[in-house]
Amino acid sequence: MPVAKWRFLDDCHQKRSRALYDGDYEEDEPLIRELIAVAKELQAAVEALGPVEA
């Protein structure tokens, strides 16, 4: 995945942490839609790696 998408995921994590610990939350539907899309892309990339062999 491109670095920009990892940064986006990190930004979402930081916003979630602020919401959880500081009560600083504003619903942002476009951000949530993009987060879902990037998460699905990451899931597909992980699944494409195949099973982990012991």
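Residues numbered from 1 in each chain as written. Predicted model: local features only at pLDDT ≥ 70, side-chain atom pairs only at ≥ 80, totals over all residues. Heavy atoms only, no water.

**Student:** Looking at this model, I keep getting lost on the packing of helix α1 (residues 3-22) against helix α2 (residues 29-48). Mind explaining?
**Tutor:** Angle between the axes and distance between the axes: these two values describe a pair of packed helices. The interhelical angle for the contact between α1 and α2, taken along N-to-C directions, is 125 degrees, at an axis separation of 11 Å. Overall, the two elements α1 and α2 adopt an arrangement that is oblique. Where α1 crosses over α2, the handedness of that crossing is left-handed. Here Lys5, Trp6, Phe8, Leu9, Cys12 and Lys15 of α1 come into contact with α2, specifically with Leu31, Glu34, Leu35, Val38, Glu41 and Leu42. Counted by class, the contact of α1 with α2 contains 8 nonpolar, no polar and 4 charged residues. (Axes fitted to C-alpha atoms, helices over the stretch in contact; angles between N-to-C directions. Helix = DSSP H or I, 4+ residues; strand = E, 2+ residues; numbered from the N terminus. Parallel < 35°, antiparallel > 145°, perpendicular 65-115°, else oblique. Left-handed = near helix turned anticlockwise from the far one by under 90°. Contact = heavy atoms within 4.5 Å. Nonpolar A, V, L, I, M, F, W, Y, C, P; charged D, E, K, R; others polar.)

**Student:** I'm lost on the environment of Leu31 in this one. Help?
**Tutor:** Along the chain, Leu31 falls in helix α2. When the C-alpha atoms of Leu31 and Arg7 are compared, they prove to be 13 Å apart, with 24 residues separating the residues in sequence. Leu31 has contacts with Phe8, Cys12 and Lys15, leaving out every residue within four places of it along the chain.

**Student:** Please explain α2 as it appears in this structure.
**Tutor:** Given 3.6 residues to a turn, an α-helix orients residues that are three or four positions apart in the same direction. Over its 20 residues, α2 runs 29 Å from end to end, which matches the ideal 28 Å to within 8%, given 1.5 Å per residue. At the C-terminal side of α2, Gly50 shows a positive phi close to 85 degrees. (Expected span 1.5 Å × (residues − 1).)

**Student:** Got a minute to help me understand the environment of Phe8 in this structure?
**Tutor:** With respect to the helices, strands and loops of the structure, Phe8 is situated in helix α1. The sequence separation of Phe8 and Gly50 amounts to 42 residues, and the corresponding C-alpha distance is 25 Å. With sequence-adjacent residues up to four places away left out, Phe8 is seen in contact with Leu31, Glu34, Leu35 and Val38.

**Student:** What is the right way to look at the nonpolar core in this model?
**Tutor:** In this structure, Phe8, Leu9, Cys12, Leu31 and Val38 together form the largest nonpolar core, which totals 5 residues. Put simply, the parts of the chain that give this core at least two residues each are α1 and α2. Here this core gets 3 residues from one element, more than from any other, and that element is α1. (Core = buried A, V, L, I, M, F, W, Y, C linked by side-chain atoms within 4.5 Å. Buried < 20%, exposed > 50% of the residue type's maximum accessible area, 1.4 Å probe, protein only.)

Nothing here speaks to function; it is all geometry.
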